[in-house]
Amino acid sequence: MRKLLFLFCTVALTGCSYLYPSMMLRTPRNYPYSKLNDSIASKDYKLSINDYLSLRLYSQDGFRLIDFTNIIDNSGGSSGGYVTTPGSGVQYLVEPDGTVRLPVIGWVHVSGLTIREATRMLEQKFSQYYINPFILLEVTNRRVIVFPGDPGTARVVPLVNNNTTLMEVLAISGGITVNGKANQIKLIRGDPNNPNVYLIDLSKIYGIKAGNTILQEGDIIYITPVIRPAEQIVNRLSPTLTLISTLITLVLTVELLKAAKF
């Protein structure tokens, strides 16, 4: 009995790495989380490298749609930088240098601009060729990764709206599972080699402000799973205890058979 109790305590002290080997993105105690202030939370989505842009151009403030597919492109450069997809028309890729090649006006730097800023800038450039141009600009491949707290439930969620919030993405993902901690939501953003990690608490009503944080392309939302040590220890020890019980039963059976012969 003492040995079994010792084994139980040893497993309990090994920590989460043994009890929860599938747990991801752990942070050490006293980890210096980044501060989620108002300027970061309310920051509009900014165009970034590898974004695909859908561009619709109208002249005379929206009176007439310009069909780019029938325009002879004299902008120069290579023919790359855009793709044609069924139902979505032509989409233009933001290249690694932050530029995108568009019909008529050629290469334009858009990385780091909000959709509103990029729209105004492009309308100004197209105004050299069209009367009062009106532009509808969308990013078609924005997405974030969500880990709701249960194994096997992770999702890649497209950001359909220009300024999609954390609360909206959680709702699309089905909300926080019963095994997730609403008070420990990690929002991981930026360079994977040196990301900013924000810790968000949605367990109380005052957390709704943080829940309205506008998400950016490539954000990772990780909901820390609930730790249940006793349940995990039993699950971990169950095979061992079953083996011990089987061996004890086998030994007792052999001893009983031996005793029966005498």
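Please refer to the structure higher up on the page.
Structural notes, computed from the coordinates. Since the structure is predicted, the reported quantities are computational estimates derived from the model, not experimental observations. The residue count restarts for each chain, going from 1 along the sequence in the order it is written. Predicted model: local features are reported for residues with pLDDT of at least 70 only, side-chain atom pairs are reported and counted for 80 or more only, and whole-chain, interface and lining totals are derived from all residues. The side-chain values count all of the structure's non-hydrogen atoms but skip hydrogen atoms and water molecules.

Comments concerning the overall build of the protein
Phase 1 of the analysis: Only DSSP runs of H or I covering at least 4 residues are called helices, and only runs of E covering at least 2 are called strands; the numbering of each starts at the N terminus. Scanning the protein from terminus to terminus reveals 7 helices and 12 strands.
Phase 2 of the analysis: Burial classification: accessible surface area is computed with a 1.4 Å probe over protein chains only, and a residue below 20% of its type maximum counts as buried, one above 50% as exposed, and the rest as partly exposed. A burial count over the protein gives 34% of its 262 residues as buried.
Phase 3 of the analysis: Here, residues are in contact when the closest pair of their heavy atoms is within 4.5 Å. For the protein, long-range pairs separated by at least 24 residues make up 65% of all intrachain contacts whose partners lie at least 6 apart in sequence.
Phase 4 of the analysis: To measure how exposed things are, a 1.4 Å probe is used in the Shrake-Rupley method; for residues, cover is taken only from the protein chains shown. Total accessible area on the protein is roughly 16200 Å²; 58% of this is exposed by carbon and sulfur atoms.

Quick notes on the nonpolar core
Phase 1 of the analysis: Put simply, buried Ala, Val, Leu, Ile, Met, Phe, Trp, Tyr and Cys residues joined by side-chain atoms within 4.5 Å make one nonpolar core. Ranked by internal contacts, the top residues of the largest apolar core, which has 24 residues, are Leu 47, Leu 53, Leu 55, Val 110, Leu 122, Phe 126 and Leu 137.
Phase 2 of the analysis: Of the residues forming this core, the biggest block, 5 residues, is contributed by helix 4 (residues 115-126).
Phase 3 of the analysis: When near neighbours in sequence (up to four residues on either side) are disregarded, Leu 137 contacts Leu 53, Ser 54, Leu 55, Ile 115, Ala 118, Thr 119 and Leu 122.
Phase 4 of the analysis: Leu 159, Leu 170, Leu 187 and Ile 200 belong to the second largest nonpolar core, which has 16 residues in total.

Focus: the packing of aromatic side chains
Phase 1 of the analysis: We call Phe, Tyr and Trp rings a pair once their centres come within 6.5 Å, taking the six-membered ring for Trp, and we label the pair stacked below 30 degrees between planes, edge-to-face above 60, and tilted otherwise. The final tally for this structure, using the stated rule, is 4 aromatic pairs.
Phase 2 of the analysis: Centroid distance Phe 147 to Tyr 222: 5.9 Å. Interplanar angle 55°. Geometry classified as tilted. Here Tyr 222 lies in strand 12 (residues 220-225) and Phe 147 lies in strand 8 (residues 143-147), a separation of 75 residues in the sequence.

Thoughts on the pattern of salt bridges
Phase 1 of the analysis: Salt bridges are defined by distance alone: a side-chain nitrogen of Lys or Arg within 4 Å of a carboxyl oxygen of Asp or Glu. With the rule as written, the count across this model stands at 3 salt bridges.
Phase 2 of the analysis: Ionic pairing is found between Glu 217 and Arg 143, a salt bridge with its closest N-O pair at 3.8 Å. A residue pair is termed long-range when its members are at least 10 positions apart, and Glu 217 in the loop between helix 6 (208-211) and strand 12 and Arg 143 in strand 8 qualify at 74 residues.
Phase 3 of the analysis: Among the ionic pairs, Arg 189 bridges to Asp 219, the shortest N-O distance being 2.8 Å. Here Asp 219 lies in the loop between helix 6 and strand 12 and Arg 189 lies in strand 10 (residues 180-189), a separation of 30 residues in the sequence. Residues Arg 189 and Asp 219 agree in their burial class; the two are buried.

What to know about the environment of Pro 151
Phase 1 of the analysis: Tracing the backbone shows Pro 151 in the loop between strand 8 and strand 9 (155-158).
Phase 2 of the analysis: Pro 151 sits 28 residues away from Asn 179 along the chain, and the two C-alpha atoms are 9.5 Å apart.

With respect to the side chain of Thr 177
Phase 1 of the analysis: In this fold, Thr 177 is placed in the loop between helix 5 (166-172) and strand 10.
Phase 2 of the analysis: N or O atoms within 3.5 Å of each other form a polar contact, as long as, within protein, one can give a hydrogen and the other can take it, and as long as residues adjacent in sequence are counted only when both atoms are side-chain atoms. Looking at Thr 177, its side chain comes within polar contact range of the side chain of Asp 150, at 3.4 Å.
Phase 3 of the analysis: What Thr 177 contacts, discounting residues up to four positions off in sequence, is Pro 148, Gly 149 and Asp 150.

A look at helix 4
Given 3.6 residues per turn, any residue in an α-helix points the same way as the ones three and four places further on.
Phase 1 of the analysis: Helix length check: helix 4, at 12 residues, gives a terminal C-alpha distance of 16 Å against a target of 16 Å (1.5 Å per residue), a fit within 8%.
Phase 2 of the analysis: Check the buried side of helix 4 and you find it contacts strand 1 (52-59), strand 5 (99-102), strand 6 (106-109) and strand 7 (134-139). One less than the residue count of a helix, multiplied by 1.5 Å, gives the span that helix is expected to have.

Regarding the side chain of Thr 99
Phase 1 of the analysis: Assignment of secondary structure puts Thr 99 in strand 5.
Phase 2 of the analysis: One polar contact links Thr 99 to Asp 97, side chain to side chain, over a distance of 2.7 Å.
Phase 3 of the analysis: Once you skip the residues sitting within four places of it in the chain, Thr 99 turns out to touch Leu 93, Val 94, Trp 107, Val 108 and His 109.

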